[in-house]
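As a plain string of letters, each chain reads:
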Amino acid sequence: MKRFLFFVLTAALLLCLGTAVLAESENVTGAEPRNSSFFSRYGTSLTPTGSGNVTLTFSCTATGVVSQLGVNTYNVQRLDGTTWTDVTGPLTGSMASNTSNHSFSKNFHGVAGEKYRVTCAFLCVKSDGTSESKTHTSGTVTAK
């Protein structure tokens with residue numbers, strides 16, 4: 001009976017450890033960016049707000065205080081069948097100076113029931129003039 005209980009407890013412990021390691025590895029592999037000495041993270045969030053409107057939120061963090069940080073340009077796309085079609089031209093984003101993080105939001109007026117996403121170019125410029133740009137595509141959202 002003691003062996004059986006020991007075996008069950010050991011198996012449960014290994015299962016818990018395996019799940020924790022798997023969850024941690026999924027967080028690491030899904031994180032953006034990878035191998036950057038400029039960005040520690042960046043991303044977008046799209047939120048349907050009703051009447052076809054979608055709030056686009058852009059956020060990025062540099063590895064330290066930098067000269068310029070933000071989104072250089074962005075573009076809203078609509079899903080037409082199986083193809084993504086640009087519905088805006090390249091739009092000017094928002095840049096911040098002498099900071100380590102920056103976020104901003106824009107409202108997009110779409111059509112209820114349509115699926116949208118955003119493509120953008122995050123830009124980070126260090127004080128020595130070196131820079132890095134990261135292209136990013138958001139997840140898909142359906143306008144309400």
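Residues numbered from 1 in each chain as written. Predicted model: local features only at pLDDT ≥ 70, side-chain atom pairs only at ≥ 80, totals over all residues. Heavy atoms only, no water.

Next up on the list: the pattern of salt bridges. Going through the model one piece at a time under the given rule, you end up with two salt bridges. Between Arg78 and Asp80 there is a salt bridge, with the nearest N and O atoms lying 2.8 Å from each other. According to the relative accessible area criterion, Arg78 is partly exposed, its value standing at 25%. We note a salt bridge from Glu132 to Lys134, for which the minimum N-O separation is 4.0 Å. By relative accessible area, which is 18% here, Glu132 ends up buried. Take Lys134: its relative accessible area is 17%, and that puts it in the buried class. (Salt bridge = Lys/Arg side-chain N within 4 Å of Asp/Glu carboxyl O. Buried < 20%, exposed > 50% of the residue type's maximum accessible area, 1.4 Å probe, protein only.)

Where strand S2 (residues 53–80) meets strand S3 (residues 83–86), four bridges bridge the pair, whose relative direction is antiparallel. When the bridges of S3 are listed, Gln77 appears paired with Asp86. A loop of two residues connects S2 with S3, the two strands running antiparallel in sequence, and Gly81 in this loop sits at a positive phi of about 70°. (Pairing = 2+ DSSP bridges. Helix = DSSP H or I, 4+ residues; strand = E, 2+ residues; numbered from the N terminus.)

In this description, a pair of aromatic rings is defined by centroid distance and the angle of the planes. A complete count under the given rule lists five aromatic pairs for this structure. A ring pair is formed by Phe58 and Tyr74, whose centres lie 5.1 Å apart and whose planes are at 50°; its orientation type is tilted. In this structure, Phe58 and Tyr74 share a single accessibility class: buried. Here the aromatic rings of Phe108 and Tyr116 are separated by 5.1 Å at their centres, their planes lie at 65°, and the arrangement is edge-to-face. Each member of the pair, Phe108 together with Tyr116, is buried. Members of the aromatic cluster, each reached through a chain of ring pairs, are Phe39, Tyr42 and Phe122. The cationic tip of Lys126 hangs over the ring face of Phe38; the distance from NZ or CZ to the ring centre is 4.4 Å. (Phe/Tyr/Trp six-rings, centres within 6.5 Å; stacked < 30°, edge-to-face > 60°. Lys NZ or Arg CZ within 6 Å of the ring centre and 35° of its normal.)

This part covers the side chain of His136. The residue His136 is located in strand S6 (residues 131–137) in this model. Here His136 falls in the buried class, since its relative accessible area comes to 9%.

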